[in-house]
Amino acid sequence: MVATLKDVAARAGVSVKTVSNVVNGYSFVTEDNRRRVQEAIDLLGYVPNIGARNLRKGRTGFLTLAVPELANPYFAELCGLVMNAAAEHDWTVLIEQTGGERDRELTVINAAHRSLVDAIILSPIGLRPTDLAEAAPGTPLVLLGERALSAPVHHVAIDNVAAARAATRHLLDLGHRRIAALGDQPGPHGTAALRLRGYESALRSAGITPDPALIVPAAAYSRAEGTVAMRHLLDLADPPDAVFCFNDMLAIGALSAVRDRGLRVPEDVAVVGFDGVDEGNYSAPRLTTIAPDKAAIAEAAVGLVRAALQDGSGQPQDVVTPFTLVARESTRSGA
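Quick look at the structure, then. (Residues numbered from 1 in each chain as written. Predicted model: local features only at pLDDT ≥ 70, side-chain atom pairs only at ≥ 80, totals over all residues. Heavy atoms only, no water.)

Quick word on the sheet that holds strand β2 (residues 92–97)
Pairing in this open sheet of 6 strands is parallel, and the strands run β2-β1-β3-β4-β5-β11 from one edge to the other. A single partner strand is all that each edge strand has here, and the edge strands are β2 and β11 (318–320). Sheet twist, expressed as the average angle between the axes of neighbouring strands with direction ignored, equals 20 degrees. Relative to β11, strand β5 (residues 154–157) runs parallel, the two sharing 3 bridges. In the sheet register, histidine 155 faces β11, and the bridge partner there is aspartate 318. (Pairing = 2+ DSSP bridges. Helix = DSSP H or I, 4+ residues; strand = E, 2+ residues; numbered from the N terminus. Axes fitted to C-alpha atoms, helices over the stretch in contact; angles between N-to-C directions.)

The following block contains the structure:
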């Protein structure tokens, strides 16, 4: 027989309301009553009906987190941190992989899907501003990452231009002057555009005109693309003495290409990545990287969801979280 609130109340000698207050974690319960209720719960094996409790609160108890690809360690690490932050508020996170495709991102934010969860946290790539303007209202939506769409929704990201500028300036400060950028992609928005802007800004501030021959595209931000792009750079008549890669997977691929040519990192070519994934701490050599505060991103996103659900505030917020330049052996010999 499944124990009920009434069974617990009878066993503890308190009201059903007192049992409910204890189960819901409310503070205005005497320590004696809390102890008696907890002893009754333990004895009877009472398990709260979380689903019913959430429905009474007008909540489902679920959040959707949609990211482009789980194979990318950055997004895998971010998912874990969002799940941890959400668990602090009794949310279960449902993970969606969109592949960065507009149609799949639209599916995540459409009205039918939104009704099943309390909020949606989305890292968009393919969405257009008009897509968000036409999305069904009612469920809080938080965007993560570089693609800041001009729509009335919450947004959490780092300052990618400043971060790319810091990565390039680090190489300049070490004496490098022929610095390549690996990871350019078409379009005026998103990761590539912002990081390219920071790279070029740092070069110009040092009196260096960016060389188009040193700006190499990457169809995907993967190790394989990094290897191919780095081989191209090394084949130039005047190859670079350093390379800023737009993510860590590109950088790890670049390290492989340099090693395959019998060159040394950082003595012949210094390499900087971006994302601060754990794998970079175990590459050979260990990778210098821009490390966004992923925990801060996760906590900010969940915090915006919680605030929106508590006070019904529709005022969008643009939260900028910190980043750190982590200097390791790929730019500093013996670091």
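Quick look at the pairing of strand β8 (residues 242–245)
Regular strands show a simple pattern: their side chains alternate between the two faces of the sheet. Covered by surrounding structure in β8 are Ala242 and Phe244 together with Val243 and Cys245, the residues of both alternating faces. Of the pairings in the sheet, the one linking β8 to strand β9 (residues 270–274) comprises 3 bridges and is parallel in character. Paired with valine 243 across the bridge in β9 is valine 271. Once the chain exits β8 it traverses helix α12 (residues 248–260) before rejoining the sheet at β9, and the crossover so formed is right-handed. (Buried < 20%, exposed > 50% of the residue type's maximum accessible area, 1.4 Å probe, protein only. Right-handed = clockwise from strand over helix to strand, strands pointing away.)

Observations regarding a nonpolar patch on the surface
Residues Leu70, Met83 and Ile95 make up a contiguous nonpolar surface patch of roughly 230 Å² in combined accessible area. Position of methionine 83 relative to the elements: it lies in helix α5 (residues 73–87). (Patch = residues over 30% accessible without salt bridge, like charges linked within 9 Å, V, L, I, M, F, W, Y side chains within 5 Å. Areas by Shrake-Rupley, 256 points an atom, 1.4 Å probe, with all protein chains shown as cover. Salt bridge = Lys/Arg side-chain N within 4 Å of Asp/Glu carboxyl O.)

Quick notes on the environment of alanine 10
Tracing the backbone shows alanine 10 in helix α1 (residues 5–12). A relative accessible area of 63% places alanine 10 in the exposed class. As a C-alpha pair, alanine 10 and valine 37 span 27 residues in sequence and 9.7 Å in three-dimensional space.

Quick look at the sheet that holds strand β6 (residues 179–184)
Taken in spatial order, the 6 strands make up an open sheet running β7-β6-β8-β9-β10-β12, and their pairing is mixed. Two strands bound the open sheet, and with one partner strand each, they are β7 (215–217) and β12 (323–326). With strand direction ignored, the average angle separating the axes of adjacent strands in the sheet is 15 degrees. Here helix α9 (residues 160–173) sits on the sheet in contact with β6, β8, β9, β10 (288–292) and β12, set at roughly 165 degrees to β9. (Contact = heavy atoms within 4.5 Å.)

So, the packing of aromatic side chains
Here the structure, examined in full by the defined rule, presents 3 aromatic pairs. For the ring pair phenylalanine 244 and phenylalanine 274, a centre distance of 6.4 Å and an interplane angle of 45 degrees mean the geometry is tilted. Here phenylalanine 244 is found in strand β8, whereas its partner phenylalanine 274 is found in strand β9, with 30 residues between them in sequence. A residue is classified by how much of its surface remains accessible, and phenylalanine 274, at 0% relative accessible area, is buried. Sitting over the face of the ring of phenylalanine 274, arginine 195 holds its NZ or CZ atom 3.5 Å from the ring centroid. (Phe/Tyr/Trp six-rings, centres within 6.5 Å; stacked < 30°, edge-to-face > 60°. Lys NZ or Arg CZ within 6 Å of the ring centre and 35° of its normal.)

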